[in-house]
Amino acid sequence: MTEPRDIQNVETSPQHERRVVAVVIIVLTLFCAAVEASQNYVGAMNFGKPVPWTESVRRTLPSWVILAIIAPGVLYLARRFPVERGRLIPALPVHLAGATAFAIAHLGGTALYYAVLDGSYERLPLVMTKYMTAYFILDVLTYCGIVGATQAVRYYREARAREVAAARLQESLTEAR
């Protein structure tokens, strides 16, 4: 039996999927870093304290790189513990812990990076506290966004697979007549 022309094969290899996910993470990371660096650069000029573009990148890129490094862990949790009916109760504590760990890892990693870069290890607890106070909820929302996007992709794939199955069934019924 041949596949309908307008129906594509929705199955891909795990290696292909990992490469696609890695490329998406890298592209989004670089895009967000460029947008934030631009915002930092223009904002500094607007406040009368211009900084070189390279300094804006130095201030913003490391945080996004750290986020990209820990994002696969979020993807794993999102796939392993989907947020859906019948599985919400076991998934909720996992995602609360995951969001907290994500925020601590991201903000702690960023604070540690700048402590190493600037050689100011004694200020690390103060900077970490400052980051946690200022950005913790933003990181929790970022975690939720990654989980939500993962769920959306999963639901799309499931719906597409059902469409393909229905089209194949329709085609086989047409051929049987």
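The paragraphs below set out a description of the structure included in this document. (Residues numbered from 1 in each chain as written. Predicted model: local features only at pLDDT ≥ 70, side-chain atom pairs only at ≥ 80, totals over all residues. Heavy atoms only, no water.)

When you go through the protein residue by residue, the secondary structure sums to four helices and zero strands. If you list the helices and strands of the protein from N to C, you get α-α-α-α. What you see for the protein is a C-alpha radius of gyration of 22 Å, clearly larger than the 16 Å of a compact globule of 177 residues, by over 25%. Projected onto the principal axes, the alpha-carbon positions of the protein cover approximately 80 × 40 × 30 Å. When contacts within the protein are restricted to residue pairs at least 6 apart in sequence, those whose partners lie at least 24 apart make up 70%. Summed over its atoms, the accessible surface of the protein is roughly 12,100 Å², and 66% of this surface lies on carbon and sulfur atoms. Each charge sign in the protein was given a centre, from 18 positive and 14 negative side chains, and these centres are 3 Å apart. (Helix = DSSP H or I, 4+ residues; strand = E, 2+ residues; numbered from the N terminus. Rg over C-alpha atoms; globule rule 2.2 N^0.38 Å. Contact = heavy atoms within 4.5 Å. Areas by Shrake-Rupley, 256 points an atom, 1.4 Å probe, with all protein chains shown as cover. Lys, Arg positive; Asp, Glu negative; His and termini not counted. Charge placed at Lys NZ, Arg CZ, Asp CG, Glu CD.)

This paragraph deals with the nonpolar core. One finds Ile 25, Val 74, Phe 102, Tyr 143, Ile 146 and Val 147 to be the most contacted residues of the largest nonpolar core, which totals 13 residues. At the level of elements, helix H2 (53-80), helix H3 (88-118) and helix H4 (124-176) are the ones that each hand at least two residues to this core. For this core, the element with the highest residue contribution is H2, accounting for six residues. With near-sequence residues (within four places) excluded, Val 74 lies in contact with Phe 102, Tyr 143, Ile 146 and Val 147. In terms of nonpolar packing, the next biggest core, distinct from the first, is built from six residues, Leu 107, Tyr 114, Val 127 and Met 128 among them. (Core = buried A, V, L, I, M, F, W, Y, C linked by side-chain atoms within 4.5 Å. Buried < 20%, exposed > 50% of the residue type's maximum accessible area, 1.4 Å probe, protein only.)

What follows concerns the packing of aromatic side chains. Per the counting criterion, the structure on display carries four aromatic pairs. Where Tyr 41 meets Trp 53, the ring centres are 5.9 Å apart and the plane angle is 80°; that geometry is what we call edge-to-face. Taken together, the positions of Tyr 41 in helix H1 (residues 14-46) and Trp 53 in helix H2 put the pair twelve residues apart, joining distant regions of the chain. Ring centres 6.0 Å apart and planes at 55° place the aromatic pair Phe 102 and Tyr 143 in the tilted group. Here the residue Phe 102 occupies a position in helix H3, and Tyr 143 occupies one in helix H4, the gap between them amounting to 41 residues. No difference in accessibility class separates Phe 102 from Tyr 143, as the two residues are buried. (Phe/Tyr/Trp six-rings, centres within 6.5 Å; stacked < 30°, edge-to-face > 60°.)

Another point: H3. Across its 31 residues, H3 extends 44 Å between first and last C-alpha, which sits within 8% of the 45 Å expected from 1.5 Å per residue. Backbone geometry just downstream of H3 places Gly 119 in the positive-phi region, at approximately 65°. (Expected span 1.5 Å × (residues − 1).)

Here the focus is the packing of H2 against H3. Contact pair H2 / H3: the axes reach a minimum separation of 9 Å and the direction vectors enclose 155°. Here H2 is positioned roughly antiparallel relative to H3, judged by the angle of their axes. In the crossing of H2 with H3, the sense of the turn from one axis to the other is right-handed. Of the residues in H3, those touching H2 at Arg 58, Arg 59, Thr 60, Pro 62, Ser 63, Ile 66, Leu 67, Ile 70, Val 74, Leu 77 and Ala 78 are Val 94, His 95, Gly 98, Phe 102, Ala 105, His 106, Gly 109, Thr 110, Tyr 113, Tyr 114, Leu 117 and Asp 118. Residues belonging to the contact of H2 with H3 are distributed by class as follows: 13 nonpolar, seven polar and three charged. (Axes fitted to C-alpha atoms, helices over the stretch in contact; angles between N-to-C directions. Parallel < 35°, antiparallel > 145°, perpendicular 65-115°, else oblique. Left-handed = near helix turned anticlockwise from the far one by under 90°. Nonpolar A, V, L, I, M, F, W, Y, C, P; charged D, E, K, R; others polar.)

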